[in-house]
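# Residue-level structure breakdown
Residues per chain, in single letters:
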Amino acid sequence: MSVRAALAVSFCLASSVLPGSLLHAQAPQTVFGYSDFGPESKLEEKFLAVPGAKEAGEELKELTSAPHLAATPEDHKIAEYIAAKFRAAGLETQIVPYRVLLNQPKAVRVEAYDPAGRLLMSGPTREHVAGDPSQDDPRIVMPFSGSSGSGDVTAEVVYANYGRPEDFNELAAQHIDLRGKIVICRYGQNFRGVKVFLAEQHGAAGVLIYSDPHDDGYYKGDPWPIGPWRPETGVQRGSVQYLFEYPGDPETPGVASTLDLPDSARTSPSAAQPHIISIPLSYHDAAPILQALKGPGAPQGWQGALPFRYHLGPGGVRVHLVSEQDYQRRIIWDVIGKIEGAQEPGSLVIVGNHHDAWVYGAVDPSSGTAALLEAVHGIGALDKQGWRPKRTILFCSWDAEEEGLIGSTEWVEQQGKLLDNAVAYFNVDVAVSGPDFSASAVPSLKQFVRDVTRSIPSPLGGTVFQQWRSHSANEEENRSNAPPIEGEETHVGDLGSGSDFTPFLQHAGVPSTDVVSNGPYGVYHSTFDDFAWYTQNADPHFVYLQEMARVLGLEALRMADADVLPYDYAAYAREISSYIEDAKRKAGELGLGSLDFAPAEAAAARFLAAAQQAHAAQSALSGNLARLNAALRGAETALLSESGLPNRPWYRHTIYAPGEFTGYSAVVIPGVSEPIEARNAPLAAQQLTVLTQALDRAAATLNSTR
Ligand SMILES: [Zn+2]
């Protein structure tokens, strides 16, 4: 409460110093990648003055006026609204449809009985709190899991904590057999599809995933509508697609699901989808099941915040699940807006956010869409004054992200080699749930993101960069896998998955970033992620929407106009070296000490030397800049492996992938790390060779400028 009260005061203070004086004071003299930053600095100042908090608030209100699940008429209306905004800003705009496999629920039912056959609960209970203005709309989709199987199962129950590999290992150690059982586990710690994947592998017949008040409910703070945390009936919907295998339309890995793609070109979705039922629950509905559960007491760390002792089961309760899913190929709509580059029209700077939502999606994704629209507003204003960027800027509003990054993946698959000329992809999704800025990026763009935020005023005073650095210094939780790096100014995380940067970076090799402004957010993927929640809890004056619009727009401008692409490959090479050292240590610990890391270490050193040479050329801004830029961009593509990761060829990046058992967070040098974890020495050795070759390709690409 005290933090929020302090914020309310600073809004007033901050607004008196915006936009003129502070912006001017922050304009940098020199910027990496520019021979003379003067003209660009003036342009940035003009841009920064345009995105409006009030306008963003109005856009957010419009975007959240109805539930807009992918492929529904309301979703189509949102796509048309965004397209109209793009056109009004002067962008050449297209709505690009795809036909993709999506499930919508016909019936979802959960009933629990005690051993005497007495009914303990019957759900799902409708999401409801006193006073929420949006909760009664008949178009709200019942809680369900995207990609769930259909079926009717009655079985005993076992509690599996967060459904992580170590949780399933603990159950195995306690000799609890999951075959034919219903696994109940809580949200948190990993991607929900991983929970279902592991349960399926252990022979479970169904999965219930519930929101424990310990993780995003009353244990954290006051629930909605008093505070921002999840209320008793709030349910987290979500996809349980096996997107660590591949994302996108499950019937078309690697191929775009265009309207004219014949059905004969579509394959079985079976590798990317669960074969069992998955149903999400509120703790209101989960509590009677957990409370009745017998068996051993839950181990240390498995106890949630419900007011009774948790047990592992089985025994004490049987559950009946019904899931009737209507699977159809449905039409979705991406919106693509373009400002063509004056000097290098084929060279693309891409900014993207999705527009589909589980329900209203005020934070996820509409805060991102409002920020995107205001970035477009700002860049459109420059365009109307006769300015043109050097490179082409694309603004993209993806559909069906929630079901498995589908709109972005299909588009990326359709572009193919054209994306070899995409110099950056700047993503935003859950843009604003509070005041705390943070970012993730490929290492070559980490300094770029920091530099951009140095030029943007924070609603709290100072710059976004200063506020970011001061709050991250106090953060206990480091959301990245990367080890902290000596002398790092402020931490930029690694890109795992869970949003639309995945196809760009991990399939197509486009250098990417992702930005967010975080706060306490307990209504994720529920009905209550609505306009009323947003204005009460996240950003009552929409100043963080304005901030995020400025960040996105400035990322695009600075990248589109740079004389030399401002990648920092030396930082990249140093991070890769540290990943290799970590993997080597881990291999030693797991008894794989005979693996030979020397060739990969030497290749990383050669990549660093090439990167330092390139950095000198970038700083000197002399010679053939077009050739230098081509080499700089090509170095990221060089890190792709043509054959992809072992067992998941869609993922081609040798440095980053979503973890097979985490899903959201990045696993680094995945081809090497995952076989080491699995103690598969021959595969790790083979993948060390693949990594060595990729690093040598990247070094050779950078050296080709000399
Ligand atoms: Zn989202």
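Up top is the structure these notes are about.
The text that follows walks through the structure, step by step, so that each part is easy to find. Predicted model, so just to flag it, every value in this text is computed and none were measured. (Residues numbered from 1 in each chain as written. Predicted model: local features only at pLDDT ≥ 70, side-chain atom pairs only at ≥ 80, totals over all residues. Heavy atoms only, no water.)

## What about the coordination of the zinc ion?
For the record, the criterion: Only nitrogen, oxygen and sulfur atoms qualify as donors, and only when within 2.8 Å of the metal (3.2 Å in the case of Na, K and Ca); with water excluded, sites may look incomplete. Metal sites are grouped by the angles between bound donors: all angles between 85 and 135 degrees with four donors is tetrahedral, opposite donors over 155 degrees apart with the others between 65 and 115 is square planar for four donors and octahedral for six, and any other pattern is irregular. Secondary structure elements are taken from DSSP: a helix is a run of H or I of four residues or more, a strand is a run of E of two residues or more, and numbering for both begins at the N terminus. Partly exposed residues are those whose accessible area sits between 20% and 50% of the maximum for their type, while under 20% is buried and over 50% is exposed, using a 1.4 Å probe and protein chains only.
Protein coordination at the zinc ion comes from His 354 (NE2), Asp 364 (OD), Asp 429 (OD) and Asp 429 (OD), with a distance range of 1.9 to 2.7 Å. The site at the zinc ion holds four donor atoms, and with the angles between them running 52 to 141°, its shape is irregular. Spacing between the donor residues of the zinc ion along their common chain follows H-x9-D-x64-D. Linking His 354 in strand 10 (residues 344-354) with Asp 364 in helix 10 (residues 362-384), this pair joins segments that are ten residues apart in sequence. Pair check on accessibility: His 354 and Asp 364 agree, each one buried.

## Description of the environment of Ile 82
Heads up, the condition is: It only takes one pair of heavy atoms within 4.5 Å for two residues to be counted as in contact.
Checked against the element boundaries, Ile 82 lands in helix 5 (residues 73-88). The buried category is assigned to Ile 82, whose relative accessible area is 0%. Here the alpha-carbon distance between Ile 82 and His 355, two residues 273 residues apart in the chain, equals 8.8 Å. The residues touching Ile 82, leaving out its near neighbours within four places in the chain, are Leu 63, Val 335, His 355, Thr 369, Leu 373 and Ser 397.

## A closer look at the pattern of salt bridges
Rules: Should a side-chain nitrogen of Lys or Arg be within 4 Å of a carboxyl oxygen of Asp or Glu, the pair is scored as a salt bridge.
A complete count under the given rule lists 35 salt bridges for this structure. Glu 601 is the partner of Lys 584 in a salt bridge, and the nearest nitrogen-oxygen pair spans 3.0 Å. Note that Lys 584 is positioned in helix 17 (residues 569-589) and Glu 601 in helix 18 (residues 598-620), a separation of 17 residues in sequence. The network of salt bridges with common partners includes Arg 99, Asp 249, Glu 251, Asp 263, Arg 266 and Arg 329.

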